[in-house]
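# Fold and geometry: a report
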Amino acid sequence: MSWMNPNKLISLRLPLIVCLITCGLLYCFSFLIERSFEKLSIQQNVSELNSVIDSIERELVYYSPDENRDEFIQNLLLILTGHHRLFVYIIDEQGKIVYRTRGPNLAFAKTQIDFDNIVENHGTDIWNQDKSSYRVAASYVAIENGKHYTTIVAIGRDLQIEFIRRLRDGLGLLIGIACILVLIGSFISIYFTQKPINRLIKKIEKINLKSLNYRIPTSLVPIKYVSLVKAFNDMLNRMEDVFHRQRNFTADIAHEMRTPITNLTTQTQIVLNNARTTDEYREILYSNLEEYEKMSQMISDMLFLAQADNRQLVPNLIDIDLHNMITLMCEYFEPLTDEKNITFNLDGNCSHIQGDKMMLGRAISNILSNAIRYTPENQVISITLKQVNEKRVQIVISNPGKKIDSKHLPHLFDRFYRVEESRHRNGNDSAGTGIGLAIVKSIIETHKGTISAESDEQSTRFIINLPTAI
Ligand SMILES: Nc1ncnc2c1ncn2[C@@H]1O[C@H](COP(=O)(O)OP(=O)(O)O)[C@@H](O)[C@H]1O
Ligand SMILES: [Mg+2]
């Protein structure tokens, strides 16, 4: 069922909550209004009843109805003038009616209400008779001639009850209308807020590997969502980049593997075509061995990079004297440098650092072997060590040679990236495959360091920054 869609239920939830809160608030508000009207009318009735009772008491004491009945009645009428729906019932101690207004028979009230309690507490009570409701008060008066009078005064409440009922109905209707309006308003505002998001979702849903180059136009959404769309497009940029590199990476691996395998296959076919001497077989097997070693080296390089990608490279940290390590490495490369009459110039110094000796050795020897390869004969490769600050050291390996065009520099550390298409396979580790600098970069990053390359007409420089401790 479409309405069971959780997104729709969530968008329903907000208007309902807003509606409930509005309803609740309006209900409390109308309850308070109703209560204060009720209270006010009770106060009015009570004070009216008390003032009439007081006046009647005064007249009873002053005139004594037995003796001056006419004056008493006359004053009583004056007291009652202006009071609407007010009823009086006065009897003497023998139950003889002294005065009674037309209207409800308050003699019944006398039997139904506990007047002793009312008189004692100067209170009032409610009396319902013939579908009408009254608030009643009473007093007992004893006058000098020994007579006792009971006065009961009642005031009709029907109008007030009717007024409050209408007020309640009116407020109820108002709450109902307000809630419906709030509900409609919230739906409309949610609809308009949700609309661009829904448009966005539809566009995003259509993006797949084939349309990874699609970017959502910012004009599609209101200004408040532009930064969201920009962030999403940036994420697509990064994903597309990673995806392309991954795709090229797979193609490159296949390409790199195909060449040695083709070589091996061709050689084997040629060998099998004719009968060979043992020496010839040995020679061919040696040549094959070289190809196997290259493939094996490449596979172990790939595994190394895969481990780095999966954050499985755990450096075995020991104290390293970089100056000493690089000096030994330069000595190791002597056979190669002697061939081209290249010299190393190691300059500066820095504190010992914590690192994995094997990994850092591999990284620096990769850079050195590149430097040797690209340095013209009879030139100097300079290596500078520097203490950047207490926590960082810097190694700069600089070699003269052809300038690397600046467009290549950001990609030097990418896997299989080579500036020139021709391959150099001279037996160095991963030489010519374009994996060397990618491995260097993962080693340096595993050590929480950074590496960058610079190149101009004079030299090409690789700058490594390493923390003294990880
Ligand atoms: N010292 C250098 N001088 C000039 N170019 C260099 C230097 N080091 C690396 N490069 C360029 O960077 C590319 C990538 O180097 P690397 O990853 O070690 O691959 P490879 O050595 O297998 O070619 C090289 O092909 C080369 O074009
Ligand atoms: Mg290399």
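Up top is the structure.
Not measured: the values here are computed from a predicted model. (Residues numbered from 1 in each chain as written. Chains lettered and ligands numbered in written order. Predicted model: local features only at pLDDT ≥ 70, side-chain atom pairs only at ≥ 80, totals over all residues. Heavy atoms only, no water.)

### Overview of the nonpolar core
Counting residues in each nonpolar core, the largest one holds 48 residues, and the members touching the most others are Leu 322, Ile 364 and Ile 395. Going through the elements one at a time, α7 (278-309), α8 (322-332), α10 (357-374), β9 (380-389), β10 (392-400), α11 (436-446), β11 (450-455) and β12 (459-467) are the ones with two or more residues in this core. (Core = buried A, V, L, I, M, F, W, Y, C linked by side-chain atoms within 4.5 Å. Buried < 20%, exposed > 50% of the residue type's maximum accessible area, 1.4 Å probe, protein only. Helix = DSSP H or I, 4+ residues; strand = E, 2+ residues; numbered from the N terminus.)

### A closer look at the pattern of salt bridges
A complete count under the given rule lists 16 salt bridges for this structure. The partner of Lys 147 in a salt bridge is Asp 92, with the nearest N and O atoms 3.8 Å apart. Separated by 55 residues along the polypeptide, Lys 147 in the loop between β4 (132-142) and β5 (148-156) and Asp 92 in strand β1 (residues 86-92) bring together distant segments of the chain. Given a relative accessible area of 14%, Lys 147 falls into the buried group. Of the residues examined, Asp 92 reaches a relative accessible area of 4% and is grouped as buried. Of the charged contacts in the structure, one is a salt bridge between Lys 294 and Glu 290, with a shortest N-O distance of 4.0 Å. Placement of the pair is Lys 294 and Glu 290 together in helix α7, with a separation of four residues, close to one helical turn. Given the relative accessible area of 26%, Lys 294 is considered partly exposed. Bridged by salt links that share partners, the residues Glu 162, Arg 165, Arg 166 and Asp 169 form one connected network. (Salt bridge = Lys/Arg side-chain N within 4 Å of Asp/Glu carboxyl O.)

### What about the packing of α7 against α11?
Where α7 contacts α11, the two axes come as close as 10 Å, and the packing angle between them is 35°. Seen along the crossing, α7 lies across α11 with a hand that is left-handed. Facing α7, whose interface residues are Asp 301, Phe 304, Leu 305 and Ala 308, α11 presents Ala 438, Ile 439, Ser 442 and Ile 443. Among the residues forming the contact of α7 with α11, the class breakdown is six nonpolar, one polar and one charged. (Axes fitted to C-alpha atoms, helices over the stretch in contact; angles between N-to-C directions. Left-handed = near helix turned anticlockwise from the far one by under 90°. Contact = heavy atoms within 4.5 Å. Nonpolar A, V, L, I, M, F, W, Y, C, P; charged D, E, K, R; others polar.)

### Quick notes on the side chain of Arg 418
Here Arg 418 shows up in the loop between β10 and α11. Residue classification places Arg 418 among the buried positions, given a relative accessible area of 17%. Within polar-contact distance, the side chain of Arg 418 engages the side chain of Glu 256 at 3.4 Å. (Polar contact = N/O pair within 3.5 Å; in protein donor to acceptor, adjacent residues only side chain to side chain.)

### Comments concerning the site of ligand 1
Taken together, 21 residues form the shell around ligand 1, and within it Asn 370, Asn 399, Gly 432, Gly 434 and Leu 437 come nearest. Asn 399 places a side-chain nitrogen or oxygen 2.9 Å from a nitrogen atom of ligand 1. Within the backbone of Gly 434, a nitrogen or oxygen atom sits 2.7 Å from an oxygen atom of ligand 1. Within the complex, the protein chains bury 97% of what would otherwise be the 530 Å² of accessible surface of ligand 1. Secondary-structure elements contributing two or more residues to the shell around ligand 1 are α10, α11 and β12. (Near = heavy atom within 4 Å. Areas by Shrake-Rupley, 256 points an atom, 1.4 Å probe, with all protein chains shown as cover.)

All we've got here are geometric facts, nothing functional implied.
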